Amino acid sequence: MLATLSALEKELKDYQVRVEFLQNYLDKIEESYGNPTTLDAFKALNYAYEFQKEIDFKKSLIIQREAQIKQAKEQVKLKDQAVKELPNALDKAKEAYNTMLDDLEDVKKQKKSKEQVNFKKGLESQIDQVDTMLEGIEKRFYDNSDHKQVLNDFRQLHEIIKLVN
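(A) Quick look at the overall build of the protein. Along the backbone of the protein there are four helices and zero strands. Reading the protein from its N terminus to its C terminus gives the helix and strand order α-α-α-α. Relative to the compact-globule value of 15 Å for 165 residues, the protein shows a C-alpha radius of gyration of 30 Å, a clear excess of over 25%. Overall size of the protein, expressed as C-alpha extent along the three principal axes, is 100 × 35 × 20 Å.

Printed below as a string of structure tokens:
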């Protein structure tokens, strides 16, 4: 993420320098318009037109890079916040998982209709998926210090919590 951010900032600076150069060059063309010949006037106008097109294009790239840099910085903040809040969300998701297990036990105790059997199978499948997800999230979070997947893991934990609520 930081490599991407620094690359975006470098591109932004390059575009800004180029726009400034082109604008200065364009200003010089306009200043040196003493008494030109027709051919010189057309050449100067052509240069001015090409420079203005490039300036407009670079300005649009500058706006894009500024937005991308802002978004990358926001993602870094979100990641930092998610790293702080993930252990708590993991605990809540484990509580939700335990609630699902309790629900499964309640379903097993009930009368066995065809609907109950299908519901039980679906619930068991969902519990297996949640168990696998929780194990993976917990392992990634505590074993890897870079936390590359923390935002996805955080979203998944909240989806698990929503299953019970």
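Let us keep going from here.
(B) Expanded view of the packing of helix H3 (residues 114-143) against helix H4 (residues 150-164). Interhelical geometry of H3 versus H4 gives an angle of 145 degrees and a closest axis separation of 11 Å. H4 is crossed by H3, and the crossing has left-handed handedness. For the pair H3 and H4, the contacting residues are Gln 126, Val 130, Met 133, Leu 134, Ile 137, Arg 140 and Phe 141 in the first and Val 150, Asp 153, Gln 156, Leu 157, Ile 160 and Leu 163 in the second. Residue composition of the contact of H3 with H4, grouped by class: nine nonpolar, two polar and two charged.

(C) Highlighting the nonpolar core. Membership of the largest hydrophobic core comes to 22 residues, with the highest contact counts inside it found for Leu 86, Leu 134, Leu 157 and Ile 160. Of all the secondary-structure elements, those providing two or more residues to this core are helix H2 (38-109), H3 and H4. Among the elements that make up this core, the one with the highest residue count is H2 (ten residues). When neighbours within four sequence positions are excluded, Leu 157 is seen to be in contact with Leu 86, Ala 89, Leu 90, Ala 93, Leu 134 and Ile 137. Core analysis: the next-biggest nonpolar cluster, separate from the first, contains 16 residues, Leu 5, Ile 29, Ala 48 and Leu 61 among them.

(D) Summary view of the pattern of salt bridges. Counted according to the given criterion, the structure contains ten salt bridges. Taking the shortest distance from any N to any O, the salt bridge between Glu 138 and Lys 94 comes out at 2.8 Å. In this pair, Glu 138 is assigned in helix H3 and Lys 94 in helix H2, connecting sequence segments 44 residues apart. Accessibility expressed as a relative area gives 27% for Glu 138, which makes it partly exposed. Between Asp 153 and Arg 140 there is a salt bridge, with its nearest N and O atoms 2.6 Å apart. Of this pair, Asp 153 sits in helix H4 while Arg 140 sits in helix H3, and the two are 13 residues apart along the sequence. For Asp 153, a relative accessible area of 5% gives the class buried. Its relative accessible area of 33% is what places Arg 140 among the partly exposed residues.

(E) Local environment of the packing of aromatic side chains. Per the counting criterion, the structure on display carries four aromatic pairs. For the pair Tyr 25 and Phe 51, a centre-to-centre distance of 4.7 Å together with 70 degrees between the ring planes defines the contact as edge-to-face. Of this pair, Tyr 25 sits in helix H1 (residues 2-31) while Phe 51 sits in helix H2; the two residues are 26 residues apart in sequence, bridging distant segments of the chain. Residue class for Phe 51 comes out buried when judged on its relative accessible area of 13%. Taking 5.0 Å as the distance between ring centres and 80 degrees as the angle between the ring planes, the aromatic pair formed by Phe 141 and Tyr 142 counts as edge-to-face. When its relative accessible area of 11% is taken as the criterion, Phe 141 is described as buried. Three or more aromatic residues joined by ring pairs form one cluster here, namely Phe 21, Tyr 25, Tyr 47 and Phe 51.

Procedures and definitions
- Residues numbered from 1 in each chain as written.
- Predicted model: local features only at pLDDT ≥ 70, side-chain atom pairs only at ≥ 80, totals over all residues.
- Heavy atoms only, no water.
- Helix = DSSP H or I, 4+ residues; strand = E, 2+ residues; numbered from the N terminus.
- Rg over C-alpha atoms; globule rule 2.2 N^0.38 Å.
- Axes fitted to C-alpha atoms, helices over the stretch in contact; angles between N-to-C directions.
- Left-handed = near helix turned anticlockwise from the far one by under 90°.
- Contact = heavy atoms within 4.5 Å.
- Nonpolar A, V, L, I, M, F, W, Y, C, P; charged D, E, K, R; others polar.
- Core = buried A, V, L, I, M, F, W, Y, C linked by side-chain atoms within 4.5 Å.
- Buried < 20%, exposed > 50% of the residue type's maximum accessible area, 1.4 Å probe, protein only.
- Salt bridge = Lys/Arg side-chain N within 4 Å of Asp/Glu carboxyl O.
- Phe/Tyr/Trp six-rings, centres within 6.5 Å; stacked < 30°, edge-to-face > 60°.

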